[in-house]
Amino acid sequence: MSSLLKVDNEIKTKVDAFRERITAEAEDLVANFFPKKLLELDHFLKDPIINITELKEIHSEINLTVPDPILLSNLHDGLEAQNAKKRKLEDGGGDDKVTGTKVFVMPGGMMKSNANLVDLIEKVKPEIRTLIEKCNTVKMWVQLLIPRIEDGNNFGVSIQEETVAELRTVEGEAASYLDQISRYYITRAKLVSKIAKYPHVEDYRRTVTEIDEKEYISLKIIVSELRNQYVTLHDMILKNIEKIKRPRSSNADALY
């Protein structure tokens, strides 16, 4: 079979070393890292920072003042105001009695994010990234254990494929958590921009508060899901470790 494809011996040695490294790392992840991480996340779920009952505590003050109302002098209604302005433009008058809205300036030069949520997000994001990276390693290990395609005796191979599919699903879900965090920042930024433009509309301010509360609850759910995924993967792989490592058993093995 090897005569059909010539492989450089040096490259083959390096590839074999890579396979051995991936195998050792993945087996350690399943046997030790996954159970330790699930216990660590379970402990994190009991942390006071993620168990705030009064969501008002995570609210962030929006220091955007409401400008003074526009004063209309010597004008009785909106229609007369428009006609007066039109006459002034036609007459070339420079002074307009409508003062208009004052120029708005952000206090301190920048509107800050919700510090409580930023701190929590910065603790959750590394956990998401870790799960993605570790799942990728274990997935590669199982894929390398899949034997060549043959007719019959493929039950073990189907278990390997289901394991790979589950690992791929977990990876995708974890990546979606990162997208969710990005969407939160974008949505909040748009709402704060609306408040800056329409500071007199209270609903925009309330919506920012609702968005912050929703994100806080979502972050706790994310941590819970990360823990559950470690539990599920650890349990699934351990229960099927024999078929994953030896998908095709010989007749001799079946006797024992």
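Residues numbered from 1 in each chain as written. Predicted model: local features only at pLDDT ≥ 70, side-chain atom pairs only at ≥ 80, totals over all residues. Heavy atoms only, no water.

**A closer look at the nonpolar core**
Counting 45 residues, the largest nonpolar core has Val 124, Ile 128, Val 138, Trp 141 and Leu 219 as its most contacted members. Contributions of two or more residues to this core are made by α1 (9-44), α3 (115-145), α4 (155-197) and α5 (202-239). With 11 residues, the single largest contributor to this core is α4. Non-local contacts of Leu 219, meaning those with residues more than four positions away in its chain, are made with Ile 50, Leu 117, Leu 120, Ile 121, Val 124 and Ile 181. (Core = buried A, V, L, I, M, F, W, Y, C linked by side-chain atoms within 4.5 Å. Buried < 20%, exposed > 50% of the residue type's maximum accessible area, 1.4 Å probe, protein only. Helix = DSSP H or I, 4+ residues; strand = E, 2+ residues; numbered from the N terminus. Contact = heavy atoms within 4.5 Å.)

**Overview of the confidence of the model for the protein**
Confidence along the protein averages 84 in pLDDT terms, with 79% of residues attaining 70 or more. Per-element mean pLDDT across the protein ranges from 43 in helix α7 (residues 251-254) up to 96 in α3. Per-residue pLDDT stays below 50 along residues 94-103; that stretch engages in 16 contacts with residues further than four places along the chain or on separate chains. (pLDDT = per-residue confidence, 0-100.)

**Describing the side chain of Asp 212**
Locating Asp 212 in the fold gives a position in helix α5. Residue classification places Asp 212 among the buried positions, given a relative accessible area of 1%. With residues up to four places along the chain from it excluded, the contact list for Asp 212 reads Ile 58, Ser 60, Asn 114, Leu 117, Tyr 184 and Arg 188.

**A look at the packing of α3 against α5**
Orientation of α3 relative to α5, taken along the N-to-C sense of each, is 25 degrees, at an axis distance of 11 Å. Judged by the inter-axis angle, α3 sits roughly parallel to α5. The interaxial crossing formed by α3 with α5 has left-handed handedness. In this structure, α3 contributes Leu 117, Leu 120, Ile 121, Val 124, Glu 127, Ile 128, Thr 130, Leu 131, Cys 135, Val 138 and Trp 141 to the contact, and α5 contributes Asp 212, Glu 215, Tyr 216, Leu 219, Ile 222, Val 223, Leu 226, Gln 229, Tyr 230, Leu 233 and Ile 237. Along the lines of polarity and charge, the residues of the contact of α3 with α5 split into 17 nonpolar, 2 polar and 3 charged. (Axes fitted to C-alpha atoms, helices over the stretch in contact; angles between N-to-C directions. Parallel < 35°, antiparallel > 145°, perpendicular 65-115°, else oblique. Left-handed = near helix turned anticlockwise from the far one by under 90°. Nonpolar A, V, L, I, M, F, W, Y, C, P; charged D, E, K, R; others polar.)

**Describing the packing of aromatic side chains**
For the structure shown, the criterion picks out 5 aromatic pairs. Pairing Tyr 184 with Tyr 185 gives two aromatic rings, centres 5.3 Å apart and planes at 50 degrees, and the pair type is tilted. The partly exposed category is assigned to Tyr 185, whose relative accessible area is 30%. Plain terms: the ring middles of Tyr 198 and Tyr 204 are 6.3 Å apart, the flat faces sit at 25 degrees to each other, and that makes the pair stacked. Grouped by ring-pair contacts, the aromatic residues Phe 33, Phe 34 and Tyr 230 constitute a single cluster. The ring of Phe 33 has Lys 134 lying over it, and the distance from NZ or CZ to the ring centre is 5.3 Å. (Phe/Tyr/Trp six-rings, centres within 6.5 Å; stacked < 30°, edge-to-face > 60°. Lys NZ or Arg CZ within 6 Å of the ring centre and 35° of its normal.)

**Here we look at α1**
In this model, α1 (36 residues) spans 49 Å end to end at C-alpha, consistent with the 52 Å of a helix rising 1.5 Å per residue. Those residues of α1 lying buried are Ile 22, Ala 26, Leu 29, Val 30, Phe 34, Lys 37, Leu 38, Leu 41 and Phe 44. Contact partners of the buried residues in α1: α3 and α5. Where α1 begins, the side chain of Asp 8 points an oxygen toward the backbone nitrogen of Glu 10, at a separation of 2.9 Å. (Expected span 1.5 Å × (residues − 1). Polar contact = N/O pair within 3.5 Å; in protein donor to acceptor, adjacent residues only side chain to side chain.)

**A word on the pattern of salt bridges**
Per the stated rule, a full pass over the model turns up 13 salt bridges. Here Glu 27 and Lys 245 are joined by a salt bridge, their closest N and O atoms 2.9 Å apart. Taken as a pair, Glu 27 in helix α1 and Lys 245 in helix α6 (residues 241-245) lie far apart in primary sequence, 218 residues in all. Using a relative accessible area of 42% as the deciding quantity, one classes Lys 245 as partly exposed. By sharing partners, the salt bridges in this structure join Lys 37, Glu 40 and Glu 127 into a single network. (Salt bridge = Lys/Arg side-chain N within 4 Å of Asp/Glu carboxyl O.)

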